[in-house]
Amino acid sequence: MRAGWLLGEATRRVFETLQISAHQVEVTTAPGREYDGWTLIAPSPIRRLQLRPLEEHARLLRGLDSHIELLARMRALAPAVPAADAPLLTPREQTVLHLMHAGRTAAAIGTHLGVSPRTVHKHQENLYRKLGACDRLGAVLVGQRTGLLPSPVAGEEPVAAGGARRV
């Protein structure tokens, strides 16, 4: 408001109720979850020109939020201790490996993480080198053998990309 933005009376009441000031801005990541955004706070009122870079970086914040959520889910699924011969992967490589395991394409992984498909291909190249694999399937199989990925349950059909089971 101090920056000269015109706010209606209803908006002002909401700002007062939620104790929102002109010194903060909200960036949503994934609506519908318990925590669905980032609050950025500045020492002085945020001006309209300052919002443009925030809008450009919102995609990166959404990718970071998605990455953090995927890491938490992966750690819950993975064995407590990977095999001794398991290669050391970066958190981003672990995330890409798990998304490959789920059947996602490089484009879908990039969209999910907020990076370009080319960046995903670079992570895949590093994964193949570290795992000694030459393709996606080989990387996933080595990941399962070394405990980096959950092993398939005996007698259960594999999950197809998109989550549907074959009948």
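Above this text sits the structure in question.
Model, not experiment: these values are computed from the prediction.

Cut-offs and rules
- Residues numbered from 1 in each chain as written.
- Predicted model: local features only at pLDDT ≥ 70, side-chain atom pairs only at ≥ 80, totals over all residues.
- Heavy atoms only, no water.
- Salt bridge = Lys/Arg side-chain N within 4 Å of Asp/Glu carboxyl O.
- Helix = DSSP H or I, 4+ residues; strand = E, 2+ residues; numbered from the N terminus.
- Buried < 20%, exposed > 50% of the residue type's maximum accessible area, 1.4 Å probe, protein only.
- Axes fitted to C-alpha atoms, helices over the stretch in contact; angles between N-to-C directions.
- Parallel < 35°, antiparallel > 145°, perpendicular 65-115°, else oblique.
- Contact = heavy atoms within 4.5 Å.
- Nonpolar A, V, L, I, M, F, W, Y, C, P; charged D, E, K, R; others polar.
- Core = buried A, V, L, I, M, F, W, Y, C linked by side-chain atoms within 4.5 Å.

(A) Geometry of the pattern of salt bridges. Considering all chains together, one arrives at 3 salt bridges under this definition. A salt bridge links E125 to K122, with the nearest nitrogen and oxygen atoms 3.3 Å apart. One end of the pair, E125, and the other, K122, are both in helix α5 (residues 117-131), 3 residues apart, so they sit about a helical turn from each other. Salt bridges linked by common partners bring R118, K122 and E125 together as one network.

(B) Region of the structure containing the environment of G63. Assignment of secondary structure puts G63 in helix α2 (residues 48-77). Take G63: its relative accessible area is 2%, and that puts it in the buried class. Placed 52 residues apart in sequence, G63 and V115 show a C-alpha to C-alpha distance of 7.4 Å.

(C) Broad picture of the packing of helix α3 (residues 91-101) against helix α6 (residues 136-145). Where α3 contacts α6, the two axes come as close as 10 Å, and the packing angle between them is 110°. Classified by the angle between their axes, α3 and α6 sit roughly perpendicular to one another. Judged by residue contacts, L97, M100 and H101 of α3 engage R136, A139, V140, G143 and Q144 from α6. Among the residues forming the contact of α3 with α6, the class breakdown is 4 nonpolar, 3 polar and 1 charged.

(D) Structural context of the nonpolar core. Core analysis: the largest hydrophobic core is formed by 21 residues, its most contacted members being L97, M100 and L131. Mapped onto this core, the elements with two or more residues apiece are α3, α4 (106-113), α5 and α6. Discounting residues that sit within four places of it in the chain, L97 has contacts with L89, L127, L131, A139, V140, G143, L148 and L149.

(E) Structural view of the packing of α3 against α5. Two elements in contact, α3 and α5, have axes separated by 10 Å at closest approach and are oriented at 95°. When the axis of α3 is compared with that of α5, the two are roughly perpendicular. Across from R92, E93, V96, L97 and M100 in α3, the residues of α5 making contact are V120, H123, Q124, N126, L127, Y128, K130 and L131. Grouping the amino acids of the contact of α3 with α5 by side-chain chemistry returns 7 nonpolar, 3 polar and 3 charged.

These results come straight from atomic positions and should not be treated as a statement about function.
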